[in-house]
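Coordinate inspection notes
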2 protein chains.
Amino acid sequence: MRSEAHFLERIDHYFPREHEFLALGRGDDCAVLRGGTDYCVTSDLFLEGEHFRRDYFSAADIGYKALAVNVSDLAAMGAKPVAFTMDLMAPTSLPDEFWEEFLKSMSGLARQFDMVLAGGDLSRCERLGVSISAFGAPGATGFLRRGNCAPGDILFTVGDFGLARAGLMALEAEGLKARETLPSAVLAHLRPKPKVMIGTLLNAAGIKGLMDLSDGLARDLPRFLGPDLGATLTIDPATLHPNVHAWCGREGLDPVEFAMLGGEDYALLGAVSPFEAGKARSVPGYVEIGTVGRTPGITVNGRPFTNPGFDHFTQ
Amino acid sequence: MRSEAHFLERIDHYFPREHEFLALGRGDDCAVLRGGTDYCVTSDLFLEGEHFRRDYFSAADIGYKALAVNVSDLAAMGAKPVAFTMDLMAPTSLPDEFWEEFLKSMSGLARQFDMVLAGGDLSRCERLGVSISAFGAPGATGFLRRGNCAPGDILFTVGDFGLARAGLMALEAEGLKARETLPSAVLAHLRPKPKVMIGTLLNAAGIKGLMDLSDGLARDLPRFLGPDLGATLTIDPATLHPNVHAWCGREGLDPVEFAMLGGEDYALLGAVSPFEAGKARSVPGYVEIGTVGRTPGITVNGRPFTNPGFDHFTQ
């Protein structure tokens, strides 16, 4: 990066300042989000070494995914994306071309969802990192929350799960050569698609709750259910992506268990009453995976599932 | 940090989830800010090695200042602080006691300004860092912006400038021994006081604009004026803090020039029409430093001032 001033000029090149939801765009001490509506707010880190490696993430992949993981949280609220702020930790060594690709890719995703960059901060850092906060407006029924489930409710997912984990493991094992053997898995890890349209449709379909599977089904399902409920899941291996089977076959792993543990797919997990599931069932990609149970604990295909998933600090 | 789960439990210990401005607190994919009002939004990084050193910043200082620099941006909008999100980059090596002090200190500042922690993210990182986004509601006349100045308007500051820079330089030179020789300067650097009450009073006093001096007057004044205006400043050395004089005397520096370059004081810079300055003049700490000029360029005490201040990437 040649200078802060030059970088801010490139930001202005790629990101408009105006937006119908902004009363004041970036450039002042604060931006101003227009009143008249609730706003949902989320904040996610995307750090070199923890969330990505430059070995196999291009500048364009990094710019894309740093924003996409935040947009996925808005999708999981059934929200309409509106705006975001970005705090950027930038190694001085990265050349102008890196930042052009990074900003161009991020701005393409922002344009796709009509999101405005409302502000942020920039600092030198030897480790590349992005911290984004994103804002969304309510969908058809407001915002979709976790919990709210009752025993007997149908649990469903939209989107592959386990696929991004297969991509990550293949990339770690073989680098970019994995693009040839497991192309869908690699793409799921490098360029996850935020399911904004799906979230909007589910919001209008009268479901009871929704969340995104950022840490994997094993870890996220208990968060979705809350402490008092459990779930009986039936996961048909045939519903898992062929790239998941390919990876698990090669490594001698059980595909269903592998998929339960896979994070970062940004698939959606939802619940709907069996008496009101008609509309939800017509949403593209909707797959029923089980029902909500009366007591805590999860069974998968008839067997208790106890693997707690991933804790970022203990594993 | 022993585990993510334990850390989140400590967050819950120190930070309530409920707030009158929140329709939904942290714990879901997003929090929800209640509609019915505009919100101003700011985002700032606080990174080890760039913004602080653990040599002389205690855990409590770090937790305090990471939030304070964001609150200062809300103060500069004349806003009422409401909420914040925090993305935390945490070295695994830091002990529980560090995080207790950090969270306790940050929560004390949040309580002082009635701010709720609405969400965030946590990741391992060998470098300690905090990225905060903060939200504020409008003051008496809405939000105070930069610009809006006309030739002849009075420029004023509230709060010391140059003081935090003297503190930083003394801490870099002598470490915590500087607390004895330059106590106010060291405190200004470690624990800057966000001027929320002052911002609120100025908002009600009918001023034309306000900003916070995070990068120093030399660099921030042109941002405040915009590209078409200049300023004629008269800075009486007697208005500078005795610790600024002490440091400059010792180092053979010109106190006024030093103060012009000093960032991180989080003093406020404002403009007011000379015909409507009565109320502003009664605000505690209000000091007139000059007038807005018809053409670009800044003179200080009769001489052109051309030092451009600090660019984080070119210096």
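Keep in mind the model is a prediction, meaning the values are calculated, not measured.

Scanning chain A from terminus to terminus reveals 11 helices and 13 strands. Relative to the 2.2 N^0.38 estimate, which gives 20 Å for 315 residues, the radius of gyration of chain A is 20 Å and therefore close to what a compact globule would have. Once the C-alpha set of chain A is aligned to its principal axes, its extents read approximately 60 × 50 × 35 Å. When contacts within chain A are restricted to residue pairs at least 6 apart in sequence, long-range pairs at least 24 apart make up 84% of them. When the accessible surface of chain A is totalled, it reaches about 12000 Å², and 52% of it is carbon and sulfur. Separation of charge centres in chain A, based on 29 positive and 40 negative side chains, amounts to 3 Å.

Okay, the pairing of strand 11 (residues 286-293) of chain B next. Remember that side chains alternate between the two faces of the sheet whenever the strand is regular. All names here are of chain B. In terms of strand pairing, strand 7 (residues 154-158) meets strand 11 through 5 bridges, oriented antiparallel. Within strand 11, the position partnered with Ile 154 by the bridge is Thr 291. Where strand 9 (residues 230-233) meets strand 11, 4 bridges bridge the pair, whose relative direction is antiparallel. Bridged to Leu 233 within strand 11 is Gly 290.

Let's shift gears to the UniProt feature "binding site: Mg(2+) 3" (unreviewed entry) in chain A. The positions UniProt marks with the feature "binding site: Mg(2+) 3" (unreviewed entry) are Asp29(A), Asp73(A) and Asp212(A). Spatially, the listed residues are scattered: they cover 184 residues, and their C-alpha atoms lie as much as 32.6 Å apart. Residue placement: Asp73(A) occurs in helix 2 (residues 59-75). Residues contacting Asp73(A), with those up to four places away along its chain left out, are Thr42(A), Asp44(A), Asp212(A), Asp29(B) and Cys30(B). On the secondary structure map, Asp212(A) appears in strand 8 (residues 209-212). In this structure Asp212(A) comes out as buried when scored by relative accessible area, which is 1%. Apart from residues no more than four positions distant in its own chain, Asp212(A) is found in contact with Ser72(A), Asp73(A), Ala76(A), Asp220(A), Tyr266(A), Ala267(A), Leu268(A) and Asp29(B). Only 2.8 Å separates the side chain of Asp212(A) from the side chain of Ser72(A), close enough to count as a polar contact.

Attention now goes to the interface of chain A and chain B. Contact with chain A, which involves 63 residues of that partner, is made by 64 residues of chain B. Of the roughly 5200 Å² buried between chain A and chain B on both sides combined, carbon and sulfur atoms contribute 52%. Counting across the interface, chain A meets chain B through 10 salt bridges. Among the ionic pairs, Arg127(B) bridges to Glu126(A), the shortest N-O distance being 2.1 Å. In this assembly, chain A and chain B are joined by 33 residue pairs in polar contact (both at pLDDT 80 or more). Here the side of chain A that touches chain B takes 8 residues from strand 3 (residues 39-47) of chain A, the largest share from any one element. Pairing between strand 2 (residues 31-33) of chain A and strand 3 (residues 39-47) of chain B: 3 bridges, direction antiparallel. Directly across from Leu33(A), in strand 3 of chain B, lies its bridge partner Tyr39(B).

What counts and what doesn't
- Just so you know, the residues in each chain are numbered from 1, in the order the chain's sequence is written.
- Chains and ligands are labelled by the order in which they are written, letters from A for the one and numbers from 1 for the other.
- Predicted model: local features are reported for residues with pLDDT of at least 70 only, side-chain atom pairs are reported and counted for 80 or more only, and whole-chain, interface and lining totals are derived from all residues.
- Heavy atoms throughout the structure, all of them, feed into the side-chain values; hydrogens and water do not.
- Labels follow the DSSP assignment, with helices taken as runs of H or I lasting at least four residues and strands as runs of E lasting at least two, numbered in each case from the N terminus.
- Taken over C-alpha atoms, the radius of gyration is set against a globule rule of 2.2 Å times the number of residues to the power 0.38.
- Residues are treated as being in contact if the distance between any of their heavy atoms lies within 4.5 Å.
- Accessibility throughout is a Shrake-Rupley quantity obtained with a 1.4 Å probe, and a residue counts as covered only by protein chains that appear here.
- We treat Lys and Arg as the positive residues and Asp and Glu as the negative residues; His and chain ends play no part in the count.
- Taken as the charge location is NZ of Lys, CZ of Arg, CG of Asp or CD of Glu.
- Only strands that DSSP links by at least two bridges are regarded as paired with each other.
- UniProt positions are given in the numbering used here, feature names are shortened, and annotations may be inferred rather than shown by experiment.
- Burial classification: accessible surface area is computed with a 1.4 Å probe over protein chains only, and a residue below 20% of its type maximum counts as buried, one above 50% as exposed, and the rest as partly exposed.
- A 3.5 Å cut-off defines polar contacts: any pair of N or O atoms within that distance qualifies, except that in protein one atom must be a possible hydrogen donor and the other a possible acceptor, and neighbouring residues in sequence count only when both atoms are side-chain atoms.
- Each of two parts loses accessible area, computed with a 1.4 Å probe, when they are put together; buried area is these two losses added.
- We define a salt bridge as a contact between a side-chain nitrogen of Lys or Arg and a carboxyl oxygen of Asp or Glu at a distance within 4 Å.

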